[in-house]
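Chain by chain, the residues run as shown.
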Amino acid sequence: MADEIELKTAPADFRFPTTNQTRHCFTRYIEFHGCLAAKGESNECERFAKYYLSLCPGEWVERWSEQRENGTFPGPL
Amino acid sequence: MIESQRHSYHLVDPSPWPISGSLGALATTVGGVMYMHSFQGGARLLSLGLIFILYTMFVWWRDVLRESTLEGHHTKVVQLGLRYGFILFIVSEVMFFFAFFWASSHSSLAPTVEIGGIWPPKGIGVLDPWEIPFLNTPILLSSGAAVTWAHHAILAGKEKRAVYALVATVFLALVFTGFQGMEYYQAPFTISDSIYGSTFFLATGFHGFHVIIGTLFLIICGIRQYLGHLTKEHHVGFEAAAWYWHFVDVVRLFPFVSIYWWGGI
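Residues numbered from 1 in each chain as written. Chains lettered and ligands numbered in written order. Predicted model: local features only at pLDDT ≥ 70, side-chain atom pairs only at ≥ 80, totals over all residues. Heavy atoms only, no water.

Engineer: If you had to explain a nonpolar patch on the surface to someone new, which residues and values would you point to?
Structural biologist: Residue and element names in this part refer to chain B. A contiguous nonpolar patch, built from Leu109, Trp130, Phe134, Val257, Trp261, Trp262 and Ile265 and spanning about 780 Å² of accessible area, is present on the exposed surface. Counting through the fold element by element, Trp262 comes out in the segment after α7 (236-261). Taking the relative accessible area as the measure of exposure, Trp262 reaches 40% and is therefore partly exposed. (Patch = residues over 30% accessible without salt bridge, like charges linked within 9 Å, V, L, I, M, F, W, Y side chains within 5 Å. Areas by Shrake-Rupley, 256 points an atom, 1.4 Å probe, with all protein chains shown as cover. Salt bridge = Lys/Arg side-chain N within 4 Å of Asp/Glu carboxyl O. Helix = DSSP H or I, 4+ residues; strand = E, 2+ residues; numbered from the N terminus. Buried < 20%, exposed > 50% of the residue type's maximum accessible area, 1.4 Å probe, protein only.)

Rendered as structure tokens:
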């Protein structure tokens, strides 16, 4: 067998106790981009990137990236 | 007539207005749907229906005035029944507005991710609550005070003063409507601008519609007072108009606080 694969996902966040984790995903996405804007492409932002990538559906991430490119992203970046 | 009946209730004479109102409502609804789906003749049927409804209102209430002021059918119990009825109508209107405020709160207290999880949504040029809305609120409140002044004048038998007070009330109401119309015209967002626009214009729009109806009611009261229809013991129509006006006033305060002030921060 190859090396042990470590399986992890975003930790449970007490701010979002509900089954519907939409806001959790969105908040992590915003946090990641907020971190990028504040600190540039640093390693600390990697952590946030992993969180949102595990929580958010791929289609949403694609749609939001498109919106950010067009300048139509509605969130507080 | 009233001498030959051995009870003090009012059994109304047969009248065509209920059926004509219903036919008008039918034409309005069918015409409205046709218009919204771009069918031929939809707009025409809709306008015909609305005119019919307005005509029915005019003649129905004209008949009520004839039966009460001129024929004397409105005894104390009839007046009491009318008052109860009108209060219940106002309660139903409160329910109506409650729905729109619920909708507004639903969307604004937990804004969805589709609009960025923030309120007001990004890009909405919110109206400054401390400009026209802040001016309009005391205008409406003063018109409420003026209608109370008119009521006291009627109760004291000061007929001319009551007319002046009603003129003041209507004047303030028209000023309010004018400012509100101007604000609508100049608003940087429309009803199609996200859920913000929808809830804003629906809540304030229906409120404005009720202000206009209330103003008309008060104008009619003013005319009747001028013609001497109202006495200090018997003025149910005026009381109804005054209650309606106070209701419109109170409803105004809710959107001011929740939609204009809180919703814009």
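Engineer: Before we move on, can you summarise the confidence of the model for chain B with the specific residues and values?
Structural biologist: For chain B, the mean per-residue pLDDT works out to 91, and 99% of the residues sit at or above 70. Scoring the predicted complex yields pTM 0.87 and, for the interface, ipTM 0.80. (pLDDT = per-residue confidence, 0-100.)

Engineer: Break down the environment of B:Ile220 for me, citing the residues and quoting the values.
Structural biologist: Residues and elements named next belong to chain B. Assignment of secondary structure puts Ile220 in helix α6 (residues 194-227). Owing to a relative accessible area of 44%, Ile220 belongs among the partly exposed residues under this scheme. Taking the C-alpha atoms as reference, Ile220 lies 24 Å from Ser47; in sequence the two are 173 residues apart.

Engineer: Provide a residue-level description of the interface of chain A and chain B, including the pertinent values.
Structural biologist: Contact with chain A, which involves seven residues of that partner, is made by ten residues of chain B. Roughly 690 Å² of surface becomes buried between chain A and chain B when both sides are summed, with 59% attributable to carbon and sulfur atoms. When the area that chain A buries against chain B is broken down by residue, the three leading residues are A:Arg23, A:Phe26 and A:Pro74, summing to 63%. Linking chain A with chain B are zero salt bridges, by the criterion used here. Of the residues assigned to the side of chain A that touches chain B, the class counts are four nonpolar, two polar and one charged. (Contact = heavy atoms within 4.5 Å. Buried area = accessible area lost by both parts, 1.4 Å probe. Nonpolar A, V, L, I, M, F, W, Y, C, P; charged D, E, K, R; others polar.)

Engineer: Account for the UniProt feature "transmembrane region" (unreviewed entry) in chain B, naming residues and giving values.
Structural biologist: Residues and elements named next belong to chain B. Look at the UniProt record and you will see "transmembrane region" (unreviewed entry) annotated at residues 43-61, 81-103, 162-180, 200-223 and 243-263. A distance of 34 Å separates the end C-alpha atoms of residues 81-103, which is 100% helix and 0% strand. A distance of 28 Å separates the end C-alpha atoms of residues 243-263, which is 90% helix and 0% strand. (UniProt positions renumbered as here; feature names shortened; annotations may be inferred.)

Engineer: How would you summarise the pattern of salt bridges if you had to cite specific residues and measurements?
Structural biologist: Enumeration according to the criterion identifies seven salt bridges over all chains in this entry. Salt-bridge contacts for A:Asp13 lead to A:Arg15; the nearest nitrogen and oxygen are separated by 2.8 Å. Two residues, B:Asp63 and B:Arg62, come together in a salt bridge whose shortest N-O distance is 3.0 Å. Look at B:Arg62 and you get partly exposed, because its relative accessible area is 28%.

Engineer: Provide a residue-level description of the state of the cysteines, including the pertinent values.
Structural biologist: Residues and elements named next belong to chain A. For the structure shown, the criterion picks out two disulfides over all chains. A sulfur-sulfur separation of 2.1 Å characterises the disulfide bridge that pairs Cys25 with Cys56. A torsion of 115° about the S-S bond marks the disulfide between Cys25 and Cys56 as right-handed. Of this pair, Cys25 sits in helix α1 (residues 22-39) while Cys56 sits in the loop between α2 (44-55) and α3 (58-70), and the two are 31 residues apart along the sequence. We classify Cys25 as buried; its relative accessible area is 1%. Classification of Cys56 by relative accessible area gives buried; the value is 7%. (Disulfide = S-S within 2.5 Å.)

Engineer: Please give an account of the nonpolar core that cites residues and values.
Structural biologist: The biggest cluster of nonpolar side chains holds 42 residues, and the ones touching the most others in it are B:Phe189, B:Phe200, B:Leu218, B:Phe238, B:Trp245, B:Phe247 and B:Val248. Broken down by element, this core gets its largest block of residues, twelve residues, from α7(B). Excluding residues within four positions of it along the chain, B:Val248 makes contact with B:Leu140, B:His207, B:His210 and B:Val211. Residues A:Phe26, A:Tyr29, A:Cys35 and B:Val113 belong to the second largest nonpolar core, which totals 17 residues. (Core = buried A, V, L, I, M, F, W, Y, C linked by side-chain atoms within 4.5 Å.)

Engineer: Lay out the packing of helix α3 (residues 76-109) of chain B against α6(B) with the relevant residues and their values.
Structural biologist: Residues and elements named next belong to chain B. It is the contact of α3 with α6, at a shortest axis distance of 8 Å, that shows an interaxial angle of 160°. Classified by the angle between their axes, α3 and α6 sit roughly antiparallel to one another. Considering how the two elements wind past one another, α3 and α6 form a crossing that is left-handed. Of α6, the residues touching α3 (which contributes Phe86, Glu93, Phe96, Phe97, Phe100, Phe101, Ala103, Ser104 and Ser107) are Ile195, Thr199, Leu202, Ala203, Phe206, His207, His210 and Phe217. Its residues assigned to classes, the contact of α3 with α6 shows eleven nonpolar, five polar and one charged. (Axes fitted to C-alpha atoms, helices over the stretch in contact; angles between N-to-C directions. Parallel < 35°, antiparallel > 145°, perpendicular 65-115°, else oblique. Left-handed = near helix turned anticlockwise from the far one by under 90°.)

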